[in-house]
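Fold and contact review
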Amino acid sequence: MILVLRALGVGDLATAVPALRGLRAGLPGRELVLAAPAWLAPLAALTGAVDRVLPTDGPDRVDWTGPPPEVAVNLHGRGPESHRALAAIRPDRLLAYRNPAGGHPTGPAWDDDEHEVRRWCRLLHAYALPADPGDLALRRPAGPRVPAGVTVLHPGSKVPAKRWPADRFAGLARTLTARGHRVVLTGSADERALVARVARDAGLPPEAVLAGRTGLAELAALVADARLVVSGDTGVAHLATGYGTASVVLFGPVPAARWGPPADRPRHRVLGGTRAAGPDPDSAGFAGVGTHPTLGAIGIDEVVAAVAEVERVSGAVAA
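The text that follows walks through the structure, step by step, so that each part is easy to find.

Rules used in this analysis
- Residues numbered from 1 in each chain as written.
- Predicted model: local features only at pLDDT ≥ 70, side-chain atom pairs only at ≥ 80, totals over all residues.
- Heavy atoms only, no water.
- Helix = DSSP H or I, 4+ residues; strand = E, 2+ residues; numbered from the N terminus.
- Buried < 20%, exposed > 50% of the residue type's maximum accessible area, 1.4 Å probe, protein only.
- Contact = heavy atoms within 4.5 Å.
- Polar contact = N/O pair within 3.5 Å; in protein donor to acceptor, adjacent residues only side chain to side chain.
- Pairing = 2+ DSSP bridges.
- Right-handed = clockwise from strand over helix to strand, strands pointing away.
- Lys, Arg positive; Asp, Glu negative; His and termini not counted.
- Salt bridge = Lys/Arg side-chain N within 4 Å of Asp/Glu carboxyl O.
- Phe/Tyr/Trp six-rings, centres within 6.5 Å; stacked < 30°, edge-to-face > 60°.
- Lys NZ or Arg CZ within 6 Å of the ring centre and 35° of its normal.
- Axes fitted to C-alpha atoms, helices over the stretch in contact; angles between N-to-C directions.
- Core = buried A, V, L, I, M, F, W, Y, C linked by side-chain atoms within 4.5 Å.

**Considerations on the environment of Arg 98**
Looking at the secondary structure, you find Arg 98 in the loop between strand S5 (93–95) and helix H5 (116–126). Judged by relative accessible area, Arg 98 falls into the partly exposed class, the value being 43%. When the C-alpha positions of Arg 98 and Pro 108 are compared, they lie 5.6 Å apart, and in sequence the two are ten residues distant. Look past the residues within four positions of Arg 98 in its chain and what remains in contact with it is His 104, Pro 105, Thr 106, Gly 107, Pro 108 and Ala 109. Here Gly 107 takes part through its backbone oxygen, which lies 3.0 Å from a polar atom of the side chain of Arg 98.

**Notes on the environment of Val 150**
Mapped onto the secondary structure, Val 150 falls in the loop between H5 and strand S6 (151–154). Taking the C-alpha atoms as reference points, Val 150 and Ala 226, separated by 76 residues in sequence, lie 5.0 Å from one another. In this structure, Val 150 is in contact with Arg 182, Val 184, Leu 222, Asp 225, Ala 226, Arg 227 and Leu 228, ignoring residues within four places of it in sequence.

**A look at the pairing of S6**
Burial of the side chains of S6 extends over both faces: Thr 151 and Leu 153 are buried on one face and Val 152 and His 154 on the other. With three bridges joining them, S6 and strand S7 (residues 183–185) adopt parallel strand pairing. What sits directly across from Val 152, in S7, is Val 184. For the handedness criterion, the β-α-β arrangement of S6, helix H6 (residues 166–178) and S7 is classed as right-handed. Bridging between S6 and strand S8 (residues 228–232) involves four bridges; their strand directions are parallel. What sits directly across from Leu 153, in S8, is Val 230.

**Some remarks on the side chain of Arg 265**
Locating Arg 265 in the fold gives a position in the loop between helix H10 (256–259) and strand S10 (268–272). In this structure, Arg 265 is buried with no salt-bridge partner, the nearest side chain bearing the opposite charge being Asp 264 at 4.1 Å. One polar contact links the side chain of Arg 265 to the main-chain carbonyl oxygen of Gly 134, over a distance of 2.9 Å.

**Here's the deal with the packing of aromatic side chains**
Inspection of every chain in the model, using the stated rule, returns four aromatic pairs. Between Trp 110 and Trp 120, the aromatic rings sit 5.8 Å apart at their centres with planes inclined by 65 degrees, giving edge-to-face as the arrangement. Separated by ten residues along the polypeptide, Trp 110 in the loop between S5 and H5 and Trp 120 in helix H5 bring together distant segments of the chain. A relative accessible area of 0% means that Trp 120 is categorised as buried. An aromatic cluster is built from Tyr 97, Trp 110 and Trp 120, whose rings are joined through pairwise contacts. Looking at Arg 119, its charged tip hangs above the ring of Trp 110, at a distance of 4.1 Å from the centre.

**Describing the sheet that holds strand S4 (residues 71–74)**
Here we have five strands laid out as an open sheet, ordered S3-S2-S1-S4-S5, and parallel in their pairing. Both edges of this open sheet fall to strand S3 (52–55) and S5, since each of them pairs with a single strand only. When strand polarity is set aside, the average angle formed by the axes of neighbouring strands in this sheet is 25 degrees. Note: strand S1 (residues 2–5) against strand S2 (residues 32–36), four bridges, orientation parallel. Within S2, the residue paired with Ile 2 across the bridge is Leu 32. The strands touched by helix H2 (residues 17–26) are S1, S2, S4 and S5; relative to S2, the strand with the most contacts, the crossing angle is about 155 degrees.

**Some words on the pattern of salt bridges**
Taken as a whole, this structure holds 14 salt bridges when the rule is applied. Of the charged contacts, one joins Arg 52 and Glu 31 as a salt bridge, the two residues approaching to 2.7 Å between their closest N and O atoms. Taken together, the residues Arg 52 in strand S3 and Glu 31 in the loop between H2 and S2 connect sequence positions 21 residues apart. Taken together, the shared-partner salt bridges connect Arg 6, Glu 116 and Arg 119 into one network.

**Focus: the nonpolar core**
Counting 49 residues, the largest nonpolar core has Val 4, Leu 20, Leu 23, Leu 43 and Leu 75 as the members making the most contacts within it. Here Leu 75 is in contact with Val 4, Leu 5, Arg 6, Ala 16, Ala 19, Leu 20, Trp 120, Leu 123 and Leu 124, once residues within four sequence places are set aside. Membership of the second largest hydrophobic core comes to 32 residues, among which are Ala 170, Ala 246, Leu 271 and Leu 295.

Don't take any of this as a statement about function, it's just geometry.
Have a look at this one:
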């Protein structure tokens, strides 16, 4: 049995798909259990590599009660907490980045500037296992009936510094609607007020507000069948990559070189995305801070032009 730790969010799981498939191919005939938040189970199923999810909400504890796994794999981070949590269940082998403080003095060295997809593929390569960084495609969920051909705008992010201003999302929605797009707005239940304000200012009808009204499977189906996605650096952008849906992703302050879509896929366009000075946006240094200047510098006209460009190439270029 293989136990993989990746107790994070939608985008984190999507970027780990090539590594998960590499583990499935390189260690065949074994059950693959993903230690991740329970709500991610629908997306885990769409990878085609995960047999079941072990509910896990953080890197410091894995509630494993069975026999020690044959292989434990740390796709969560550099440690030491995640290393110690996996070592505590006494696997026969631990595949992880080198971290002597976490009790794992072997393994490859961590690279802060590496793209998240390639980071986990390189880990597997260090242990002579296959992993193709381009193997990002997700299965479309069976069953959910969602509007097809809509343009999905996703104004929110759990990190305020990564949110493009709401008034610009409203202006973008007005412009795209005038150009024939059927715009819908997505977000979490906590973002419903933000999304409703964007809809009001854009003159969109109430039914265009889908924030808090879609489960993860419904959101995945919506993106899979969408005409276009515009979002910040968040999970919806990674779903667009996984489904080959044309997208414009607004980056800042985290650089696109670490989290952006593959550079060789023209139907996914990045705006912003250069490295910003200062702390990582998930750290205390950005607590309570609004839109980062990297995002604030992106104007509506620039996004509209990027939308036109990805739509021009999306009909002729394979994702």
